[in-house]
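Remarks on the overall topology
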Amino acid sequence: MQTNEELLSQIDKMRKEKNAVILAHYYQVPEIQDIADFVGDSLQLSQKAAETNADIIVFAGVHFMAETAKILSPDKKVLLPDLEAGCSLADSCPPDDFKRFIEAHPGHKVVSYINCSAAVKTMSDVICTSSNAKMVVESFPQDEKLIFVPDKNLGAYINGQTGRNMVLWDGSCHVHNQLSDEKVIQLKMQNPDAKLIAHPECRGPVLALAEFIGSTAALLEYTRKDSCKRYIVATEGGIIHQMQKASPDKEFIVVPSDETCSCNDCPYMKMNTVQKLYLCLKNESPEILLDTAVIERAKEPIIRMLEISK
Ligand code: 13P
Ligand code: SF4
């Protein structure tokens, strides 16, 4: 059995030999973030996937992210260390149910959060992420009728930000949705000098208490530039690694998912391990494969998003 250090050095060697790029989301374990060629939020990762010259993209993230990379770079080999690394939010929107939902709302344009399957993307007019959702929604005329899918918390937040009344799909991320306002209030009382920052996938009562709301990249940037020394962070705990690296003199308190732990981990993101990353690069498997027709149709709303975000 090789040590993590040995595996990491083999990963480094193989990526050069194979002209592979490792893209990692902020919710990956610190070792994977540190070996990655690029670490980012959903928007930044899709931008990188679209522009890379590598022959192989190893996506250290979850299934919908690797699928998006394949849609944007269909000629490249896209690998995901564990094919079971799904997403409760994407799973909350089965394509057949969604098709019926669209049919029940004639005359509506469809704005889909990137955390959805390729099949849902094929039924969408435009994709958005948490960092550009407001901009994407505002690209439609104010009186345009819109469906927002699948995150009801992000959708409600954007409705409030834009004064719209988008029809919301009843989906959520189980990691963010379970963070409670009671716990947040308790942490705020225990740490009156700390600022609460939150991801918009959190429920409305948590967002109402936050001093700053943003995507993972926006939260990181905020803590880097802001003068406060302590933060209560309402999102997945993986982001703390980069926050701590960028601001070693600051303290970050994760809002725990329940009373039994002090962390808030996404079980899907954490399915990727150094061992699986090594095997995936070595075996060039598991690979993301998609139907050409799905790629062609799903690409349109993603490209629209990338154009709006330029
Ligand atoms: P962002 O990286 O866009 O902030 O999204 C967070 C998330 O939950 C990814 O699955
Ligand atoms: Fe999905 Fe939530 Fe995990 Fe992100 S944190 S991958 S939205 S389950």
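Small disclaimer: the values here were computed from a predicted structure and weren't measured. (Residues numbered from 1 in each chain as written. Chains lettered and ligands numbered in written order. Predicted model: local features only at pLDDT ≥ 70, side-chain atom pairs only at ≥ 80, totals over all residues.)

1. Brief notes about the overall build of the chain
- Counting its secondary structure elements, the chain contains 16 helices and 12 strands.
- For a compact globule of 310 residues, the expected C-alpha radius of gyration is about 19 Å, and the chain comes in at 19 Å, within 12% of that figure.
- Each of the three principal axes of the chain carries a C-alpha extent, and together these read 55 × 50 × 35 Å.
- Taking all 310 residues of the chain together, 47% fall into the buried category.
- Nonlocal contacts in the chain, meaning residues at least 24 apart in sequence, comprise 64% of its contacts between residues at least 6 apart. (Helix = DSSP H or I, 4+ residues; strand = E, 2+ residues; numbered from the N terminus. Rg over C-alpha atoms; globule rule 2.2 N^0.38 Å. Buried ≥ 20, exposed ≤ 12 C-beta atoms within 10 Å, placed from the backbone. Contact = placed C-beta atoms within 7 Å.)

2. With respect to the site of ligand 1
- Surrounding ligand 1, one finds Asp41, Ser42, Asn115, Thr129, Ser130, Ser131, Cys173, Glu201, Ser215 and Thr216.
- Grouping the constituent residues of the shell around ligand 1 by class yields one nonpolar, seven polar and two charged.
- Viewed by domain, the shell around ligand 1 spans two of them, domain 2 (89-173 + 297-308) and domain 3 (175-254), each represented by three or more residues. (Near = placed C-beta within 6 Å. Nonpolar A, V, L, I, M, F, W, Y, C, P; charged D, E, K, R; others polar. Domains from an automatic or database assignment.)

3. Considering helix 9 (residues 152-162)
- Residues of helix 9 that are buried: Lys152, Asn153, Leu154, Gly155, Tyr157 and Ile158.
- Tucked into the core, helix 9 has its buried residues touching strand 5 (109-113), helix 8 (133-138), strand 7 (146-149), strand 8 (167-168), helix 10 (174-177) and helix 12 (204-209).
- Gly163 sits one or two residues past helix 9 and shows a positive phi near 70°.

4. Quick notes on the packing of helix 3 (residues 42-51) against helix 4 (residues 63-72)
- Put simply, helix 3 and helix 4 touch, their axes get as near as 8 Å, and they point 35° apart. Seen along the crossing, helix 3 lies across helix 4 with a hand that is right-handed. Contacts from Ser42, Leu45, Ser46, Ala49 and Ala50 of helix 3 reach helix 4 at Met65, Thr68, Ala69 and Leu72.
- Its residues assigned to classes, the contact of helix 3 with helix 4 shows six nonpolar, three polar and no charged. (Axes fitted to C-alpha atoms, helices over the stretch in contact; angles between N-to-C directions. Left-handed = near helix turned anticlockwise from the far one by under 90°.)

5. Quick notes on the UniProt feature "binding site: [4Fe-4S] cluster" (unreviewed entry) in the chain
- As annotated in UniProt, the feature "binding site: [4Fe-4S] cluster" (unreviewed entry) corresponds to Cys87, Cys173 and Cys266 in the numbering used here. Spanning 180 residues, the named residues nonetheless gather at one spot, since no C-alpha pair among them exceeds 9.4 Å.
- Take Cys173: it is sitting in the loop between strand 8 and helix 10.
- Filtering out sequence-adjacent residues up to four positions away, Cys173 remains in contact with Ser88, Leu89, Asp151 and Glu201. (UniProt positions renumbered as here; feature names shortened; annotations may be inferred.)

6. Looking at the sheet that holds strand 10 (residues 212-213)
- Here we have four strands laid out as an open sheet, ordered 10-9-11-12, and parallel in their pairing. The open sheet has two free edges, formed respectively by strand 10 and strand 12 (251-254), since each of these has just one partner strand.
- As defined by bridge partners, strand 9 (residues 195-198) adjoins strand 10 across two bridges and the pair is classed as parallel. Note on strand 10: the bridge partner recorded for Ile197 is Phe212.
- Relative to the sheet, helix 11 (residues 181-190) contacts strand 9, strand 11 (230-234) and strand 12, its axis offset from that of strand 11 by approximately 175°. (Pairing = 2+ DSSP bridges.)

7. Some details on the environment of Gly107
- Along the chain, the position of Gly107 falls in the loop between helix 6 (95-103) and strand 5.
- Separated by 40 residues in the primary sequence, Gly107 and Glu67 place their C-alpha atoms 28 Å from one another.

8. Here we look at the site of ligand 2
- Taken together, Val62, Cys87, Ser88, Leu89, Asn115, Cys173, His174, Val175, Glu236, Cys266, Tyr268 and Met269 make up the full set of residues adjacent to ligand 2.
- Elements with a minimum of two residues in the shell around ligand 2: helix 5 (88-91) and helix 10.

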